[in-house]
Each structure stands twice: as structure tokens, then as C-alpha cells.
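Tertiary structure, described
These are the residues of each chain, in order.
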Protein chains: 2
Amino acid sequence: MHITKTDIQNLERIKRLNLINSISGIKPANLIGTKNDRGISNLAIFSSVIHLGSNPALFGMILRPTGEVPRHTYENILFDGKYTINHVPQSIIKKAHYTSAKFDESVSEFEACALTEEYIDGFSAPFVKECSLKLGLSHKQSIPIEANNTILVIGQVEHILIPDEMIKDTYMLDLSISNTVGISGLNTYYALTKMESFPYARVEELPSF
Amino acid sequence: MHITKTDIQNLERIKRLNLINSISGIKPANLIGTKNDRGISNLAIFSSVIHLGSNPALFGMILRPTGEVPRHTYENILFDGKYTINHVPQSIIKKAHYTSAKFDESVSEFEACALTEEYIDGFSAPFVKECSLKLGLSHKQSIPIEANNTILVIGQVEHILIPDEMIKDTYMLDLSISNTVGISGLNTYYALTKMESFPYARVEELPSF
């Protein structure tokens, strides 16, 4: 099937959202934890976290502009400067998904979705106890994307909380140990099964195909 | 285990690359196809493709700056204005991985890695015949990211080539039909197994957890 730019524009809105949100492939499922100016915690699922660089350790995520819908996560990041990224494990996909409902800002999604806040000394943003792999970040920069009025929010890693058994000699992580899931589209969750690791690719060491 | 910002800075370079590249979760595995000013095709694996918006249908990807290493993909996108995003299926993960070797610009990775170029009328960039789900894009905007001197390259979807059987009533895609894989870190490939789809989350329709 061949779908053109015009076909995409003419698709019914929900079909277009489903199609275009799925079509770049698998996305990471992460819960973003923040705290607002009244001390109320917030938790929201995002599939747009992206690796920007390792030294310094920087991650980005794409946010919709503040507009008709309140965007508590971004307001809290601007207020507090800190946020957490928590890998969603298989055991909590339903709870994680429902953090996307539009709760009033007086409601903590931790409570509404039966998840548990966890803190470390000297870091204000809440981690998710049910997640085994989690990051604490400081907000570094926000870049407006003119093409569609979104924002790339960039943070630097301050803390990594990770199960001992995930750290091997090489520091390559096996995401099946943390039971980390992926998302396609807006609401479909996938389990991950490790297939194979290949060496760093060099022209003079090509295998036979 | 608790790893701090200082620990990350003090890690040996390869360990840091492995750790930080894995720690945001699963990433999509896509082959980016382009053509240079001499008509030679180029193919490179990227795990940084990200959904930016559905109307218009925009995708971004993060590129390292042109510097000591030549970045043929970006040069070609700037020259031609067109590129393709091809989902890597399970059957070609080894070939796809080795497109990351630093081939001379006179060498097409299609030929070096035993993959097949495919074209559609009126679109100059090469698709990958072995991939069942593929996109043709026009370059829209490049945004420099000052925090670490990378570039967010943004393109709009012009064409979607997709197996008929992936299109259901809702236009939600099941990535297991296209055998699409994910990547963690720099070189580990994962198969995807669909777990569950949830409805759009509404506060007044919360399930019991």
C-alpha cells in the first residue's frame, strides 16, 4: 500500500494520529516524575525520550506547547529544574498508561494510578519505586521547534539508579533484565527480547552476509 | 547501584558510551537512505528517529556535527532534500548493523552490506527492498543543539510504503507484523512482542489497578 502526503492530510484525525505515531518504529516507555510549586507530585508517560549525547550525558524529550491543554510536566520542570525518567517495566503498563489521563493539577498521578513515590537525598523530583531503572536529571535547555510548535526539552543526568545485576563488564545493558517495555503509537505496549549484540562495525572486519 | 554525574564523567569512554546509550530504553532501528551529488547511494543505521507531530507528519533525528568524521547522510540530505526511513526487520539485523562501518563515500552501503535499492517515481532517495515498512521524507528544517553540538534534522513524510495487512480499521500498527526490531545502546538488537493496547485514558474511566 502506498500512502502519500495528500492521503495523510485527508485521513480522519484519529487514524492519522495512530498511523503517524506508530510509523517510526518502537519508542521507549518512560514515566516522567516532577513536583509542582505546591509540592504535589506529577507523573506522566512519555514515548519521546531520546539520547542526545554521552559526555555530558544528555537526553531530550518532545513536549507539546502549553496551550489549550495544561502541561503540568513542563511547568514543573521549569519551576523545579529537576525531573526523573523511569523505565516502565512489564508489570505496570496499565498503571503507566493511565497517567496520561488529564488529572487536575491538585491530583498526584502516583496516587491516582497506584504507583509509589521514592526520593533520594538532595534531589527534589520523585522517582517511581516500581521501576527498577531510573534517572534523575537537571533541565539544561529548551529548544522551540518552529516546524510544528513543539519543544525539545534537554536535561543532563545527575543520578542513575540501576539494579546491580544489569551492570556487566562492558556496561552494555540488557533491557530484558529490567523488563523494560516499548510503545508503538499512542497506546500499544511491547515486550522486548534480546536477539543479538554485534561488535563495533569496521570496514576491514566485515562478516559474510 | 547508584551512579552519579561524577561517576559518569569518570567512567572509561567505551563504558560510558554503552551505559548512556542504553539507559533511555528501547530505540527504533531505522535505515536512512540517501543519494549523493555523484548519484551514489548511501545507507546508514540510526536509532535516533523521533516522532515530532502528526499533522503535518514530521519526524526528527539527531545527527553528530560534521567534524573529524565525514557524515555522508547529512551531506546528502542537504544536497538532495530527500531521504528514506526504513524499518529494520529481524531478518537483516546483521546487514543493517554493518552499514555503520565508515565506508568511503565512493562505496554504496547497499552493495557493501548486500541490501537492495528500490525507487518510486518522482522520489530520488533509495528505499530498502528488504524492509517492509518505509517512509520517504523531505527535509524541512535543521536545528542546532548547542548543549552538545548535535543537530536535530526534521523531515516531513511524503510517502509511506506499508504492507496492506498492517493497515487495520484504526490505523494502529502492529510492529510484529513488519518484524520491526529495536536497539539498545550501540549494537544490541531486540525482537518486539505485542503485549496489550489500552484505550485513550480518561479520568472518568479509570480501571481498577
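Residues numbered from 1 in each chain as written. Chains lettered and ligands numbered in written order. Predicted model: local features only at pLDDT ≥ 70, side-chain atom pairs only at ≥ 80, totals over all residues.

Scanning chain A for helices and strands turns up five helices and 13 strands. The globule rule puts the C-alpha radius of gyration for 209 residues at 17 Å, and the 19 Å found for chain A is close to it. Looking at the 209 residues of chain A, the share that counts as buried comes to 48%. In chain A, 62% of the contacts between residues at least 6 apart in sequence involve partners at least 24 apart. (Helix = DSSP H or I, 4+ residues; strand = E, 2+ residues; numbered from the N terminus. Rg over C-alpha atoms; globule rule 2.2 N^0.38 Å. Buried ≥ 20, exposed ≤ 12 C-beta atoms within 10 Å, placed from the backbone. Contact = placed C-beta atoms within 7 Å.)

A separate point is unusual backbone geometry. All names here are of chain A. Looking along the chain, the bond that leaves N55 and enters P56 is cis, with omega of 5°. Within the secondary structure layout, P56 lies in the loop between β5 (50-54) and β6 (57-63). Located in the positive-phi region is N149, a residue other than glycine, with phi close to 60°. Positionally, N149 belongs in the loop between β10 (134-145) and β11 (150-161). The phi torsion at N179 lies on the positive side, around 55°, for a residue other than glycine.

Here we take up the interface of chain B and chain A. The interface of chain B with chain A comprises 96 residues on the first partner and 96 residues on the second. If you tally residues by element for the side of chain B that touches chain A, the top one is strand β13 (residues 188-197) of chain B, at ten residues. When grouped by side-chain class, the residues that make up the side of chain B that touches chain A number 52 nonpolar, 30 polar and 14 charged. (Nonpolar A, V, L, I, M, F, W, Y, C, P; charged D, E, K, R; others polar.)

This brings us to the relation of the copies chain B and chain A. Superposing chain B onto chain A takes a rotation of 180° combined with a translation of 0.0 Å along the rotation axis, leaving an RMSD of 0.0 Å. On this basis, the relationship between the two copies can be described by a two-fold rotation axis. Comparing interface residues between copies, 100% of those in chain B also lie at the interface in chain A; the contact surface is shared. (Least-squares fit on C-alpha atoms with pLDDT ≥ 70 in both.)

Another point: the environment of K27(B). Residue and element names in this part refer to chain B. Within the secondary structure, K27 is located in strand β2 (residues 27-28). Among the residues examined, K27 registers 26 C-beta atoms within 10 Å and is labelled buried. Linking K27 and S47, residues 20 residues apart in sequence, is a C-alpha distance of 5.5 Å.

We now examine the pairing of β11(A). Consecutive residues of a regular strand have side chains that alternate between opposite faces of the sheet. Residues and elements named next belong to chain A. Looking at chain direction, β6 and β11 are connected through six bridges and run antiparallel. Within β11, the residue paired with I62 across the bridge is L152. Taken together, the eleven bridges between β10 and β11 define a ladder with antiparallel strand orientation. Residue pairing for β11: I143 is matched across the bridge by L152. (Pairing = 2+ DSSP bridges.)

This paragraph deals with the confidence of the model for chain A. Across chain A, pLDDT averages 94, with 98% of residues at or above 70. Scoring of the predicted complex yields 0.95 for pTM and 0.94 for ipTM. (pLDDT = per-residue confidence, 0-100.)

This part covers the pairing of strand β3 (residues 30-35) of chain A. Residues and elements named next belong to chain A. Taking burial as the measure, the six residues of β3 include six buried ones, the bulk of the element. Where burial is concerned, the two faces of β3 agree: the one with N30, I32 and T34 and the one with L31, G33 and K35 are both buried. In this structure, β3 lies alongside strand β4 (residues 41-46), joined through six bridges in antiparallel fashion. What sits directly across from N30, in β4, is F46. Linkage of β3 to β4, two consecutive antiparallel strands, is achieved through a turn of five residues, within which G39 is found at a positive phi near 85°. As paired strands, β3 and strand β7 (residues 82-87) are joined by four bridges and run antiparallel to one another. Each residue of the ladder has a partner; that of I32, found in β7, is I85.

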